[in-house]
Amino acid sequence: MIKGIMRLISEYKKFIRQFIKFNIVGVSNTLVDFGIFVILNIMGVFYIYAQVISYGCGIMNSYILNRYWTFNYKGISHHFTIFKFLGVNLLSLGISLAFLYIFRDYAGINILASKIISTFFSMTINFFGSKFWVFSIPSG
């Protein structure tokens, strides 16, 4: 029973460390995403296109840092992992686009404030999808 409790505590600590690392990576992704989004917005690019482009740049940054640093993933083939990662991020992008559209066009919220709010929702989907599907190593 003590071994089980110690294992549970160890898994919890690992989860917390990964969550913290994921959020540090998320800050760097957000800086990439927001930086490119703002530049494209200033250049007059339609905000939906700007979101797709800037989000894609954040995805590339995220995959590399999360695979090798956050989750220290050494699992199944690189190509399969990329497809799973892209799937989670496409879902996350869809959610961010929906919320961005709702907050900006229906709620009348400023575009950058809308971007911040929509980022919270996409980040949540992204962490749980990455942790429990993309970079999880099946027990077996």
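### A look at helix α2 (residues 47–70)
- The set of residues buried in α2 consists of Tyr47, Ala50, Gln51, Ser54, Tyr55, Gly58, Ile59, Ser62, Tyr63, Asn66, Arg67 and Thr70.
- A positive phi of about 40° marks asparagine 72, the residue just after α2.

### Some remarks on the packing of aromatic side chains
- With the rule as written, the count across this model stands at 17 aromatic pairs.
- A centroid spacing of 4.9 Å and a plane angle of 85° characterise the contact between phenylalanine 19 and phenylalanine 127, whose relative ring orientation is edge-to-face. Here the residue phenylalanine 19 occupies a position in helix α1 (residues 2–42), and phenylalanine 127 occupies one in helix α4 (residues 111–134), the gap between them amounting to 108 residues.
- In this structure phenylalanine 19 comes out as partly exposed when scored by relative accessible area, which is 35%.

### Considerations on the environment of glycine 129
- Here glycine 129 shows up in helix α4.
- Note on glycine 129: relative accessible area 15%, which makes it buried.
- For the pair glycine 129 and glycine 94, spaced 35 residues apart in the sequence, the C-alpha separation amounts to 14 Å.
- With sequence-adjacent residues up to four places away left out, glycine 129 is seen in contact with Val88 and Val134.

Reading the values: the criteria
- Residues numbered from 1 in each chain as written.
- Predicted model: local features only at pLDDT ≥ 70, side-chain atom pairs only at ≥ 80, totals over all residues.
- Heavy atoms only, no water.
- Buried < 20%, exposed > 50% of the residue type's maximum accessible area, 1.4 Å probe, protein only.
- Helix = DSSP H or I, 4+ residues; strand = E, 2+ residues; numbered from the N terminus.
- Phe/Tyr/Trp six-rings, centres within 6.5 Å; stacked < 30°, edge-to-face > 60°.
- Contact = heavy atoms within 4.5 Å.

Taken by themselves, the reported measurements are silent on function.
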